[in-house]
Structure formats: structure tokens, C-alpha cells
Amino acid sequence: MTFPLVASAIKVFVVFNLIMVGVALLTLLERRVCAWMQDRLGPNRVGPQGLFQPAADGLKNFLKEETSPAMADKALFTLAPIVSFVPALLTFGVIPFAAPLPTKWGVVPMVVADLPVGFLYILAISSLGVYGIVLAGWASNNKYALLGGLRASAQMISYEIALGMSTVAVILLAGNVTLSQVIAQQQHGLPFVIPLTIAFVIFFISAFAETNRLPFDLPEAEGELIAGYHTEYSAMKFSMFYIAEYSNMVTASALMATLFFGGWDIPFTSWDSTGEPSVLKTVLTLLSFSAKTFFFLFTYIWVRWTLPRFRYDQLMALGWKVLLPLSLIYITLLAVAIWFIRIRLGWEYGRGMAAALGGLNLVLLIALVWWLDRGRIVSGSVQEETA
Amino acid sequence: MAIGVKVMKRPTQQTSYLRATLKGMALTFSHLLRPKVTMQYPEEKSSKDWTLSSRWRGTHRMLTDEQGRAKCVACGLCPQICPANCIKLVPGEDEDGHRYPLIYEIDEFRCIFCGYCQEVCPEEAIHVGVHYENSEYSRDRFVYDLERLTAQTHPVSTLWDPSDPKGE
């Protein structure tokens, strides 16, 4: 009885620390990759290759003066960073990050809490993060901060729908919302990115908007709103928003890896998911999971330093006029296809079904690209001129 | 559609945001792997692409003759021409009637590094130098006296391009 509790406590401790260290290193990676993309070197002075730069930044933030605007709502002003910080860390709890680890006292599943409603939990908790941003914008008593908070709420609500819709496809195919079961399904057949390509595309775009990263960083928009919702924050409170943003990125990347790329599964092998659990398997699958997550984190940074920010109406148009209808149509088509394959043909999820759905997705993807390639994403979002 | 936003008409066939995005991503990724232009300053002060120009006007230097005395004859032209009024010169005369500076001080804070002192000097004594690292811990260290000016060893500025003295 005590063993699961001890194991859970250790897992919570390790995962929390890994995320915090990961986030710290991610801020460094962001700055260095940004520099490299601009033909610079980036921060490389503190420690080897600048590895201790995050520690120096952290120390600086601890020692900086805490400022508090005179007319701010003190309670909410202090609460806001906490409200955005906590859900960002909580969401990672249900993501399985490696194959089960065998110990002397029993097999430990490598997930902090394998909730039966895992995926719903993520949707519920991750949308709480917006409260932090809105409260920060409101409590600061600052026009720019308020505008940033307003934009954040509008944006998060708009893209939350497309995000949820794209994951309905995953749930349709997996028939389960427990993330470990979703991974097991993918190990059985092919990673869901093949039968659910378009769902992945929608999820990918929405995840960028949900984490407030460029090209969707309108809540911050330093060119227009100074720093958006965290204009009035300094020192560690500001740092907490920063950590929250990066932990959200980590969670979103991990979620993309889990839902569409097989999670901790090592691609093209069945060795890791069958047979007795072993320490080697745990380590290797952890590496596999980290590599997948890292790839998406890198993509986040890569996209940030490539694309300019959307205009507000373009952002809204992309969310409501493109992604939402697209995901609705896609779910309808996919549900019909799954019904046909499952009920009429009587197949279970496996290579064959994945390949068949993959073919359907390829056709749809080509049609989608053909449609988007006519410049319809942005110019389609504005009024057609009748001249 | 936001009110008052001007919508530019674009040729639909050529406007593909998808292709432009992918192109941009490819471009930034190629830059990721390219050689970097950053010069790591304290360790590396010049590279094959960039060195300090020989015409750079920096920290002053007073040249000396064979006996190690300053070449200055205290004619008073440099304090006269100095637009920032940063040169303090008190002339003296020895028993042979040779003039020399009793006090020669340059306030590097006031100096605007125009190089007129070097241009006007008939004896080619005072020069601006190809040197820029003159930080100090206290303000009074920025008034350079004659001893300090003669002790400088950095190369002096050519003020003009030696291969093209008339600037043609």
C-alpha cells in the first residue's frame, strides 16, 4: 500500500524538477537557436556554451525589485502569476513518458497519474491557464495589459474549440481517453499521425495559439502592447509567467508526441511495448519520448523566429472561418470512414485500418493544400473587394 | 473585418501563404547552419573580414625624439585649434632657447577625437591613435599628462588613406 504512494511522490518530485530544469534550458535554447538563425552566436559566456545562463537569469530575477502598480488590485495581481503557473505544470501529470519501470516492489507505470479521463483532464486544466493571463491583464490596471488579457481570452477560446475538435478524431479512433491506452493503440498499429494527418495539422496550429507563441503571440505583442498582460510585472512574478509559457510549450509538445507520434513508443519496433518490462526499455523509451518532444519544442522555436505575427482579425478569421469548419468537416468524414471500416468491414485498429485511413487523409490533405495554396488563408479572411 | 483596415488587392495566383511559410522555414533553417558573423570581442579583436581602420582616431599619443623627450615644441597650435578645448599647455623654455611643454594635459572626456591636433601639429608630435580601450575606474584618470601620453605604444592614426591622400 505504501509503495504506490512513495513511488508517486518520487515521480512527482522527479517530473517537477525535470520540467523546471527543462524549461530553464529551453529558454537558453530559444535564445541560442534564435541567434543562430540570425547568424549570431547568442549567450555563450556563462559556463560552457552558456549553459549556466538560465541560472544567472533566475538569480537576477530573484534579486530584482518587485514593483506593484499603485492602483492595481493587489490580491488578483499576486494571484495571476500563480494561476497561470500551476496549470502549466499540472497538465504534464497525465502524460506517460516511458515504458513501465520494474522495481523490487512491483512495476511502476512511468506516468505521474494515469487518469482514466486523462485527455479530458488536460483539456480542462490547460484552459485554466487563460485565467492567469486575463487576471494579470485586469489586475494591472493598465490599458495595454488589459488589451493583452482580452486578446488572450478571445484567442484561447477560439482555438480551444479547434483544438478540442481535432482531438475528437483521436478519441474516435482510439475509442479511449486514457493517454496510456492511446499510446497502446498506436503501438498496436501505426502512429495516429498517419490515419489522422489533418487532425494533427489542426492540433499543431491550435497548440501554437493555445501556448501564445508566435505567430499567435497577440497577448504579448511587444510591438503593439509593450509586453501585453505582463507589462506591469517584474522580478519573479514576471519569471513565473515566463516559466508558465515554456511549461505550456513542453506540455503541448509532449501531447503532440503522445497523441500523434506514439508517445514513448520507439518507432518501427515492437520490442519496447511487448514482453516483460525492463530498466533498459524504460530508459530507451524515455529517450524516444524526449526526442519526439524535443523535436516539437525545436519546431516551436523555429516557427517563432520565422513567421511574423498575425493581425487580430486574421487570427480570429483563421480560427473561426478556417480551422473550426475544417475540423468539423474532417470529423464528419472521419467518423463515416471509421464506421464503414469498423462496422461494415469489421476491421479492428491495426496496420490495415491505419493505412486505409492514411490514404483518405492523403487525399484530403492534397485537397486542403490545393485550397490553401490559392492564398485563401489570409486573403480569404477579409472582405472580397467588388470592383 | 476590422473597420478602416485597408485591404490591398493581391494577385491570388501568386499569393500562397503556405508556400511562403515553408520557404521562410527553409531559409531560417539554412541560416541555423551557416557560419556565424559574431566576433567574440575580448578574446578576438579583429578578424579577416574586419580590422580597426588605420584612420581610426582614438586615444592620444605623444611621439618622442631619439633622446626620449616629447617632440612637442609648445607652439600652442593644438590648444588653439581644439574645438573641445581639452588640451592644457603651459610652455617652458630651456637655457638654449628651446621651447618645451611644462604641462601638457589632454582631457579624454572632453575630447571629441576630431584629430585636428594631429593635423595642425608642425612637429608631428601629438597624434590620435588606433586604440579604443581606455576605460578606467575613476574619472580623474581620464586626464592624460605628458608622461602618460609619451608612454603610449599603440599605432598612431594616419588620418587619411595613405594610398589616396587627397581623398580621390
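### Quick notes on the overall build of chain A
Here is step 1 of the chain: Helix and strand counts for chain A come out as 13 helices and two strands.
Here is step 2 of the chain: Taken over the C-alpha atoms alone, chain A extends approximately 75 × 65 × 45 Å along its principal axes.
Here is step 3 of the chain: Considering chain A as a whole, with its 387 residues, one finds that 44% of them fall into the buried category.
Here is step 4 of the chain: A fraction of 77% describes how many contacts in chain A between residues 6 or more apart in sequence connect residues 24 or more apart.

### Some details on the overall build of chain B
Here is step 1 of the chain: A tally of helices and strands in chain B yields four helices and five strands.
Here is step 2 of the chain: Going from the N terminus to the C terminus, chain B shows its helices and strands as α-β-α-β-β-α-β-β-α.
Here is step 3 of the chain: The globule rule puts the C-alpha radius of gyration for 168 residues at 15 Å, and the 27 Å found for chain B is more than 25% above it.
Here is step 4 of the chain: Seen along its three principal axes, the alpha-carbon backbone of chain B occupies a region of about 90 × 40 × 40 Å.
Here is step 5 of the chain: For chain B, the proportion of its 168 residues judged to be buried stands at 19%.
Here is step 6 of the chain: Residue pairs at least 24 apart in sequence account for 72% of intrachain contacts in chain B once pairs closer than 6 positions are excluded.

### Thoughts on the confidence of the model for chain A
Here is step 1 of the chain: Chain-level pLDDT for chain A is 82 on average; 95% of the residues reach the 70-or-more range.
Here is step 2 of the chain: Taken as a whole, residues 378-387 of chain A scores under 50 in pLDDT and shows 15 contacts with residues more than four places along the chain or in a different chain.

### Quick look at the pairing of strand 4 (residues 126-129) of chain B
Residues and elements named next belong to chain B.
Here is step 1 of the chain: Going residue by residue along strand 4, you find Ile126 and Val128 tucked away on one face and His127 and Gly129 tucked away on the opposite face as well.
Here is step 2 of the chain: The pairing of strand 1 (residues 58-62) with strand 4 spans four bridges and is antiparallel. Looking at strand 4, one finds that Met62 is bridged to Ile126.

### Some remarks on the packing of helix 3 (residues 74-90) of chain A against helix 10 (residues 235-260) of chain A
Residues and elements named next belong to chain A.
Here is step 1 of the chain: Where helix 3 meets helix 10, the axes come as close as 8 Å, and the angle between the chain directions of the two elements is 25°. The angle between the axes of helix 3 and helix 10 places the two elements in the roughly parallel class. Where helix 3 crosses over helix 10, the two elements pack in a sense that is left-handed. Counted together, Pro81, Ser84, Phe85, Ala88 and Leu89 of helix 3 and Lys237, Met240, Phe241, Ile243, Ala244, Ser247, Asn248 and Thr251 of helix 10 form the full contact between these two elements.
Here is step 2 of the chain: In terms of residue class, the contact of helix 3 with helix 10 is made up of eight nonpolar, four polar and one charged.

### Quick word on unusual backbone geometry
All names here are of chain B.
Here is step 1 of the chain: Even without a glycine there, the phi angle at Asn85 is positive, about 55°.
Here is step 2 of the chain: Summarising the element assignment, Asn85 is placed in the loop between helix 2 (77-81) and strand 2 (87-93).
Here is step 3 of the chain: Although it is not a glycine, Glu124 adopts a positive phi angle of roughly 50°.
Here is step 4 of the chain: Among the secondary structure elements, Glu124 is positioned in the loop between helix 3 (116-120) and strand 4.
Here is step 5 of the chain: The exposure class assigned to Glu124 is exposed, which follows from the 10 C-beta atoms found within 10 Å.

### A look at the nonpolar core
Here is step 1 of the chain: Counting 101 residues, the largest nonpolar core has Val170(A), Leu196(A), Ala199(A), Ile202(A) and Met256(A) as its most contacted members.
Here is step 2 of the chain: Residue contributions to this core peak at 14 residues, all from helix 10 of chain A.
Here is step 3 of the chain: If you look at the next biggest cluster of nonpolar residues, it comprises 18 residues, including Ala70(B), Leu89(B), Tyr104(B) and Leu149(B).

### Quick notes on the confidence of the model for chain B
Residue and element names in this part refer to chain B.
Here is step 1 of the chain: Confidence in the prediction of chain B, expressed as mean pLDDT, is 84, and 90% of residues score 70 or more.
Here is step 2 of the chain: Taking the mean pLDDT of every element in chain B, the minimum, 84, falls on helix 1 (residues 17-33) and the maximum, 91, on helix 2.
Here is step 3 of the chain: Overall fold confidence (pTM) sits at 0.80, and the ipTM for the predicted complex is 0.73.

### Some thoughts on the sheet that holds strand 3 (residues 99-107) of chain B
Residue and element names in this part refer to chain B.
Here is step 1 of the chain: As summarised here, the arrangement of the three strands in space is 2-3-5, forming an open sheet in which the pairing is antiparallel. The two strands at the open ends of the sheet, each matched to only one other strand, are strand 2 and strand 5 (143-144).
Here is step 2 of the chain: Looking at chain direction, strand 3 and strand 5 are connected through two bridges and run antiparallel. Paired with Asp107 across the strands is Val143, a residue of strand 5.

### Some details on helix 10 of chain A
For an α-helix the count is 3.6 residues per turn, leaving residues at separations of three or four pointing the same way.
Residue and element names in this part refer to chain A.
Here is step 1 of the chain: Spanning 26 residues, helix 10 covers 38 Å between terminal C-alpha atoms, matching the ideal 38 Å at 1.5 Å per step.
Here is step 2 of the chain: Counted residue by residue, helix 10 has 22 buried out of 26 residues, so it is predominantly covered.
Here is step 3 of the chain: Count one or two residues on from helix 10 and you reach Gly262, which has phi positive near 80°.

### Some details on the packing of helix 1 (residues 2-37) of chain A against helix 10 of chain A
Residues and elements named next belong to chain A.
Here is step 1 of the chain: Between helix 1 and helix 10, the least distance of the axes is 9 Å, while the angle of their chain directions is 105°. One way to sum up the angle between helix 1 and helix 10 is to call them roughly perpendicular. In this structure, helix 1 contributes Ile19, Gly22, Val23, Leu26 and Thr27 to the contact, and helix 10 contributes Ile243, Tyr246, Ser247 and Val250.
Here is step 2 of the chain: Residues of the contact of helix 1 with helix 10, tallied by class, amount to six nonpolar, three polar and no charged.

### Points about the environment of Ser166(A)
All names here are of chain A.
Here is step 1 of the chain: If you trace the backbone, Ser166 turns up in helix 6 (residues 143-174).
Here is step 2 of the chain: A sequence separation of 150 residues divides Ser166 from Phe16, and the C-alpha atoms of the two residues are 28 Å apart.
Here is step 3 of the chain: When sequence neighbours within four positions are dropped, the list of residues in contact with Ser166 reads Ala199, Ile202, Phe203, Ser206 and Ser327.

### Re the environment of Val130(A)
All names here are of chain A.
Here is step 1 of the chain: With respect to the helices and strands, Val130 occurs in helix 5 (residues 129-139).
Here is step 2 of the chain: A residue is classified by how many C-beta atoms lie within 10 Å of it, and Val130, with 23 of them, is buried.
Here is step 3 of the chain: The spatial distance from the C-alpha of Val130 to the C-alpha of Pro87 is 9.6 Å, given a sequence separation of 43 residues.
Here is step 4 of the chain: When near neighbours in sequence (up to four residues on either side) are disregarded, Val130 contacts Ala152, Ser153 and Met156.

Definitions and limits used
Residues numbered from 1 in each chain as written. Chains lettered and ligands numbered in written order. Predicted model: local features only at pLDDT ≥ 70, side-chain atom pairs only at ≥ 80, totals over all residues. Helix = DSSP H or I, 4+ residues; strand = E, 2+ residues; numbered from the N terminus. Buried ≥ 20, exposed ≤ 12 C-beta atoms within 10 Å, placed from the backbone. Contact = placed C-beta atoms within 7 Å. Rg over C-alpha atoms; globule rule 2.2 N^0.38 Å. pLDDT = per-residue confidence, 0-100. Pairing = 2+ DSSP bridges. Axes fitted to C-alpha atoms, helices over the stretch in contact; angles between N-to-C directions. Parallel < 35°, antiparallel > 145°, perpendicular 65-115°, else oblique. Left-handed = near helix turned anticlockwise from the far one by under 90°. Nonpolar A, V, L, I, M, F, W, Y, C, P; charged D, E, K, R; others polar. Core = buried A, V, L, I, M, F, W, Y, C linked by C-beta atoms within 7 Å. Expected span 1.5 Å × (residues − 1).

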